[in-house]
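Residue-level listing of the chains:
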Amino acid sequence: MMMNWIKKAGSIASIVIVSGISIFAISNDNKNKITHEGTSYYFPTAVDFAGESTPLNIADVNERFDRELLVNANLHASTILILKRANRSFPIIEPILKKNGVPDDFKYLAVIESGLINAVSSAGARGVWQFMPETAKEKGMEVNEFVDERYHLEKATEAACKYLLSAKQKFGSWTLAAASYNGGMTGVNKQIEIQKVTNYYDLLLNDETSRYVFRILALKEIMKNPEKFGFEVPKQELYAIFQTRTIEVDSTITNLADFAISQGINYKILKIYNPWLRDSKLENKTGKKYSIQIPL
């Protein structure tokens, strides 16, 4: 065993190395400015997810967080777009999380799932919260050829809250609840039983789930302190919140293009403001009430 002392951005951090493997590290000064290949960013000594502390004194934890922070700090176009979209999406997501008793930090989970757009994965997950069809239906969303509420931000956020509250009850930890959003409750619980530990940071998980919470932490740090990472987006360039009026319908709309024109807009605009409408018509045989947003 030997002790190596490494100077990092003007402060001293110690790392114990056994056979070339880092075991633990003493954290550096708060918000040190680190430079990697000409790019400056700040590495904090203290981070947390939903009030649950991240043990940055453990070397592999420190390095995994450093990786995601460095990667995302250098995804300039993607990160700028996320910052712009957040101005429109977060005011919708935040009050729903608060109403359901889900910590505000989970809005960053939506960021890493989709970049705050209605993304489509190769596996078939869709929307900002990336629900699979069966899971969406289990959480009360309508998914069919005419309506797909995975594309409805408010309803998808409500469904995500249901999942996360259930996961928190099962694991007793918001961090593990977040990890299970990627790895599944069954998958994470299986590894807890095999490895006999109950902390996300002590678990050996598959690569994607192992990186998952650290990606959330990295985006949280960057989005809360964008200027420190070199992201300065003028307020006027942030995407504005949609201003709309609501029309409630409880019958079939046979032609959405005609409907859009009757409301003073076109088919494209109707679909942009109501992405959950998935066909050129809205079939409604049950008299269900739908709320359609029309831009002012």
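The rules we used
Each chain carries its own residue numbering, running from 1 in the written order of its sequence. With pLDDT at 70 or above as the cut-off, local features in this predicted model cover only qualifying residues; side-chain atom pairs require 80 or more to be listed or tallied, and sums for whole chains, interfaces and linings still use all residues. Heavy atoms throughout the structure, all of them, feed into the side-chain values; hydrogens and water do not. Helix numbering and strand numbering both begin at the N terminus, where a helix is a DSSP run of H or I of at least 4 residues and a strand a DSSP run of E of at least 2. The buried label applies to any residue whose accessible area, calculated with a 1.4 Å probe on protein chains only, is under 20% of its type's maximum; exposed applies above 50%, and partly exposed to all values in between. Each accessible area is a Shrake-Rupley estimate made with a 1.4 Å probe; only the visible protein chains count as cover when residues are assessed. Any pair of residues with heavy atoms lying within 4.5 Å of one another is described as a contacting pair. Fitted lines through C-alpha atoms give the axes, limited to the stretch in contact for helices. The angle between two N-to-C directions lies from 0 to 180 degrees. Working definition: roughly parallel below 35 degrees, roughly antiparallel above 145 degrees, roughly perpendicular at 65 to 115 degrees, and oblique for all remaining angles. Note on residue classes: Ala, Val, Leu, Ile, Met, Phe, Trp, Tyr, Cys and Pro are nonpolar, Asp, Glu, Lys and Arg are charged, and everything else, Gly too, is polar. As a per-residue measure, pLDDT tells how confident the predictor is, with possible values from 0 to 100. Any two rings among Phe, Tyr and Trp, with Trp reduced to its six-membered ring, count as a pair given centres within 6.5 Å; such a pair is stacked if its planes are under 30 degrees apart, edge-to-face if over 60, and tilted if neither. Geometrically, a charge over a ring is one whose NZ (Lys) or CZ (Arg) sits within 6 Å of the ring centre while staying within 35 degrees of the ring normal. Handedness of each helix crossing follows the sense of rotation of the near helix against the far helix: counterclockwise by less than a right angle gives left-handed, clockwise gives right-handed.

Side note on the overall build of the protein chain
Across its full length, the protein chain carries ten helices and nine strands. Per-residue burial over the protein chain gives 45% buried out of 296 residues. Here the protein chain has roughly 15,000 Å² of accessible surface; of this, 51% comes from carbon and sulfur atoms.

Things to note about the environment of Ile82
As for its position among the elements, Ile82 is in helix α2 (residues 76–99). Considering only alpha carbons, one finds Ile82 and Leu116, 34 residues apart in sequence, at a separation of 6.7 Å. Once residues within four sequence positions are removed from consideration, Ile82 is found in contact with Val111, Gly115, Leu116, Leu219 and Met223.

Looking at the environment of Leu204
By the secondary structure assignment, Leu204 is in the loop between α7 (185–195) and α8 (207–224). On the accessibility criterion, Leu204 (68% relative accessible area) is exposed. Each C-alpha atom of the pair Leu204 and Gln191 lies 7.8 Å from the other, and the pair is 13 residues apart in sequence. The contact partners of Leu204, leaving out residues within four places of it in the chain, are Gln191 and Gln195.

Concerning unusual backbone geometry
Positive phi is not limited to glycine here, since Leu116 has a value of about 65 degrees. As for its position among the elements, Leu116 is in the loop between α3 (107–114) and α4 (133–138). With a phi angle near 60 degrees, Lys196 is a residue other than glycine that sits in the positive phi range. Here Lys196 shows up in the loop between α7 and α8. Judged by relative accessible area, which is 72%, Lys196 ranks as exposed.

Topic: the packing of helix α6 (residues 174–183) against α7
The angle between the axes and the distance between the axes are what describe a pair of packed helices. For the pair α6 and α7, interaxial distance at closest approach is 7 Å and the crossing angle is 120 degrees. In terms of orientation, α6 and α7 fall into the oblique class. Residue-level inspection shows Leu176, Ala179, Ser180 and Gly183 of α6 in contact with α7, the latter providing Met185, Gly187, Val188 and Ile192. Its residues assigned to classes, the contact of α6 with α7 comprises five nonpolar, three polar and no charged.

Brief notes about the confidence of the model for the protein chain
Keep in mind that low pLDDT regions are not for reading the predicted coordinates in detail. Across the protein chain, pLDDT averages 89, with 86% of residues at or above 70. Below pLDDT 50 for its whole length, residues 1–31 participates in 65 contacts with residues either more than four positions away or in separate chains.

Focus on the packing of aromatic side chains
Under the criterion given, the structure shown has twelve aromatic pairs. Aromatic pair Phe131 and Tyr181: ring centres 6.3 Å apart, planes at 75 degrees, arrangement edge-to-face. Taken as a pair, Phe131 in the loop between α3 and α4 and Tyr181 in helix α6 lie far apart in primary sequence, 50 residues in all. For the ring pair Tyr201 and Phe214, a centre distance of 5.7 Å and an interplane angle of 75 degrees mean the geometry is edge-to-face. Placement of Tyr201 in the loop between α7 and α8 and of Phe214 in helix α8 is noted, with a sequence separation of 13 residues between them. Assigned by exposure class, Tyr201 and Phe214 land together as buried. Here the basic side chain of Lys228 rests over the ring of Tyr42, its NZ or CZ set 5.9 Å away from the ring centre. The ring of Tyr151 has Arg278 sitting right over it, with the charged end atom 3.9 Å from the ring centre.

What about the packing of helix α5 (residues 153–171) against α7?
Following both chains from N to C, one finds α5 and α7 inclined at 15 degrees, their axes separated by 12 Å at the closest point. In terms of orientation, α5 lies roughly parallel with respect to α7. Once α5 is placed against α7, the crossing between them reads as right-handed. Residue-level contacts link Tyr163, Ser166, Ala167, Lys170 and Phe171 of α5 to Met185, Val188, Asn189 and Ile192 of α7. Considering only residue class, the contact of α5 with α7 consists of six nonpolar, two polar and one charged.

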